[in-house]
Amino acid sequence: MWGEATKIDRKSDLYVYFYYVGLSLLREGGIFCFINSNSWLDVDYGAELQEFLLRQTRILQIIDNHSERSFEQADVNTVIVLLQRPQTADNRSQTAVGEQWSAVAKFVAYKKPFEEVLTVPNLLAIERATEITRTDDYRVYPITQRELFIEGAEDSHPALSLVGEGQEGVETLKYTGGKWGGKYLRAPDIFFKILEKGKGKLVRLEEIAEVRRGFTTGANEFFYLEDITNETRERLPRAGLRYCRNGAGWEGWLEEEFLKPVIKSPREVRGIIVRPDELRYKIFMCHKTKPQLKADDNTHALAYITWGEKQEYHKRPTCRGRARWWDLGQQERQDFIMLRFRDLR
């Protein structure tokens, strides 16, 4: 409700607080325009702000530009947000809340610099758009605030299946957040074509496959190594060894069985198929105990672990939490890799 205290996630960026302050200063029917980081559209702490905007304001437009930044020198990507404080006949927020679900929010992605596309015909066409519209200048995705709210509601909430066409049931849902930026502003056109063609046929990935995140090393400079065997003049002590260099300046021989190809950066992958011989780094992947290494004559790996302990890598929080700090656990080779930052590659 307007004027009531709102809980804000402590992980929120400072600009989130300005939303609440700015909106509190509006009179009924007033327009709020804010240019700020686009992070709240997709991150966890943005869910609370999204829910507040859906329940308490009219989201007029959220604008992105794919060809230029709003501020040339800015280190973050920004969006332009246009909001309106609802008008009520009797100053009761509940009246306004009921009208919110039919309000249409428009996500606008411009494809050219603003000075080329901010024309009267374009602005009028965007204002009148009632369905997804694509031109050479922009793409606009209209969606009701009711649809946005249901999309971001908790999947397991018992009331989700009872929500009707109107307002009934929506108020009781628990909102957990939506990926507004990744889906409505940055997703390519083919994404929406797939959704349209596959309507009623698509299922969540977790329903047909095991989904798991990659590992966190806790000490990249120890675990990530470059194989420089072909560059060294060091004499090969015995078969099955590779000469490596890590990010901390260490160089030496390691048993090949403990070196696995790894993608450290998506920029290393030249196509949609990952070819191990094109990858720059190997990862130190050892599941043996120190006695086992000594018994199996894996002296180079044992010496490397000892070197790592002298650098106190084993005392770092992530490494310290493992039974053997150098053991990243069993990692099966996967068929598909999906990047977290889909818009960057």
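Residues numbered from 1 in each chain as written. Predicted model: local features only at pLDDT ≥ 70, side-chain atom pairs only at ≥ 80, totals over all residues. Heavy atoms only, no water.

1. A few points about the environment of Trp-253
- Within the secondary structure, Trp-253 is located in strand E9 (residues 251-255).
- Separated by ten residues in sequence, Trp-253 and Tyr-243 have C-alpha atoms that sit 4.4 Å apart.
- Other than its neighbours up to four places away in sequence, Trp-253 contacts Thr-229, Glu-234, Arg-235, Leu-236, Pro-237, Leu-241, Arg-242, Tyr-243 and His-300. (Helix = DSSP H or I, 4+ residues; strand = E, 2+ residues; numbered from the N terminus. Contact = heavy atoms within 4.5 Å.)

2. Concerning the pairing of strand E6 (residues 138-144)
- Counting buried residues in E6 gives six out of seven residues, a clear majority hidden from the surface.
- Of the strand pairs in this sheet, strand E4 (residues 104-110) and E6 are connected by seven bridges, and their pairing is antiparallel. In the strand pairing of E6, Lys-106 is matched with Pro-142.
- Sheet analysis places strand E5 (residues 133-134) next to E6, joined by two bridges and oriented antiparallel. Counterpart to Arg-134 in the pairing with E6 is Arg-139.
- Connecting E5 to the next strand, E6, in antiparallel fashion are three residues. (Buried < 20%, exposed > 50% of the residue type's maximum accessible area, 1.4 Å probe, protein only. Pairing = 2+ DSSP bridges.)

3. Brief notes about the sheet that holds E4
- The strand order E1-E3-E2-E4-E6-E5 describes an open sheet built from six strands, whose pairing is mixed. With one partner strand each, in any of the chains shown, strand E1 (31-37) and E5 form the two edges of the open sheet.
- Here E1 runs beside strand E3 (residues 78-84); their pairing, made up of seven bridges, is antiparallel. The residue of E3 that forms the bridge with Asn-36 is Val-79.
- Where helix H1 (residues 15-24) meets the sheet, its contacts fall on E1 and E3, and the angle it forms with E1 comes to roughly 175 degrees. (Axes fitted to C-alpha atoms, helices over the stretch in contact; angles between N-to-C directions.)

4. Topic: the nonpolar core
- By size, the foremost hydrophobic cluster in this structure holds 36 residues, and its most contacted members are Tyr-19, Trp-40, Ile-62, Phe-107 and Trp-180.
- Among the elements that take part in this core, H1 stands out by supplying five residues, more than any other.
- Those residues in contact with Trp-40, other than ones at most four positions away along the chain, are Tyr-15, Tyr-19, Tyr-45, Gly-46, Leu-49, Gln-50, Leu-53, Ile-62, Val-79, Val-81 and Trp-180.
- Formed by 27 residues, the second largest nonpolar core is a distinct cluster that contains Phe-223, Cys-244, Tyr-281 and Tyr-313. (Core = buried A, V, L, I, M, F, W, Y, C linked by side-chain atoms within 4.5 Å.)

5. Examining the sheet that holds strand E7 (residues 224-227)
- Spatial strand order, E9-E8-E7-E11-E10: five strands in an open sheet with antiparallel pairing. Because the sheet does not close on itself, it has two edges, and the strands there are E9 and strand E10 (259-262). Averaged over all pairs of adjacent strands, the angle between their axes in this sheet comes to 50 degrees, without regard to strand direction.
- Relative to strand E11 (residues 281-284), E10 runs antiparallel, the two being bridged by four bridges.

6. What about a nonpolar patch on the surface?
- Taken together, the side chains of Ile-190, Phe-191, Ile-194 and Leu-202 make up a nonpolar region of the molecular surface, amounting to roughly 370 Å² of accessible area.
- Topologically, Leu-202 is positioned in the loop between helix H8 (189-197) and helix H9 (220-223). (Patch = residues over 30% accessible without salt bridge, like charges linked within 9 Å, V, L, I, M, F, W, Y side chains within 5 Å. Areas by Shrake-Rupley, 256 points an atom, 1.4 Å probe, with all protein chains shown as cover. Salt bridge = Lys/Arg side-chain N within 4 Å of Asp/Glu carboxyl O.)

7. With respect to the pairing of E7
- By the bridge criterion, three bridges tie E7 to E11 in an arrangement that is antiparallel. Residue pairing in the sheet places Tyr-224 in a bridge with Ile-283 of E11.
- Summarising the sheet, E7 and strand E8 (residues 241-246) pair through three bridges and their orientation is antiparallel. Within E8, the position partnered with Glu-226 by the bridge is Arg-245.

8. Re the packing of aromatic side chains
- Going through the model one piece at a time under the given rule, you end up with 30 aromatic pairs.
- In this structure an aromatic cluster arises from ring pairing among Tyr-19, Phe-32, Phe-34, Trp-40, Phe-107, Tyr-141, Trp-180, Tyr-184, Phe-191 and Phe-192.
- In this arrangement the basic side chain of Lys-264 is found over the ring face of Tyr-281, its NZ or CZ atom lying 4.7 Å from the centre. (Phe/Tyr/Trp six-rings, centres within 6.5 Å; stacked < 30°, edge-to-face > 60°. Lys NZ or Arg CZ within 6 Å of the ring centre and 35° of its normal.)

9. Here we look at unusual backbone geometry
- Backbone geometry at Asp-297 places phi at a positive 65 degrees, although glycine is not the residue there.
- Along the chain, the position of Asp-297 falls in the loop between helix H10 (290-295) and helix H11 (299-310).
- Even without a glycine there, the phi angle at Glu-312 is positive, about 65 degrees.
- A residue is classified by how much of its surface remains accessible, and Glu-312, at 42% relative accessible area, is partly exposed.

10. Topic: the pattern of salt bridges
- Across all of its chains, the model carries 16 salt bridges by this definition.
- For Lys-288, the salt bridge goes to Glu-257, with nearest N and O atoms at 3.9 Å. Taken as a pair, Lys-288 in the loop between E11 and H10 and Glu-257 in the loop between E9 and E10 lie far apart in primary sequence, 31 residues in all.
- Residue class for Lys-288 comes out partly exposed when judged on its relative accessible area of 21%.
- The network of salt bridges with shared partners includes Arg-134, Arg-139 and Asp-189.

Purely geometric stuff here, so don't read any function into it on its own.
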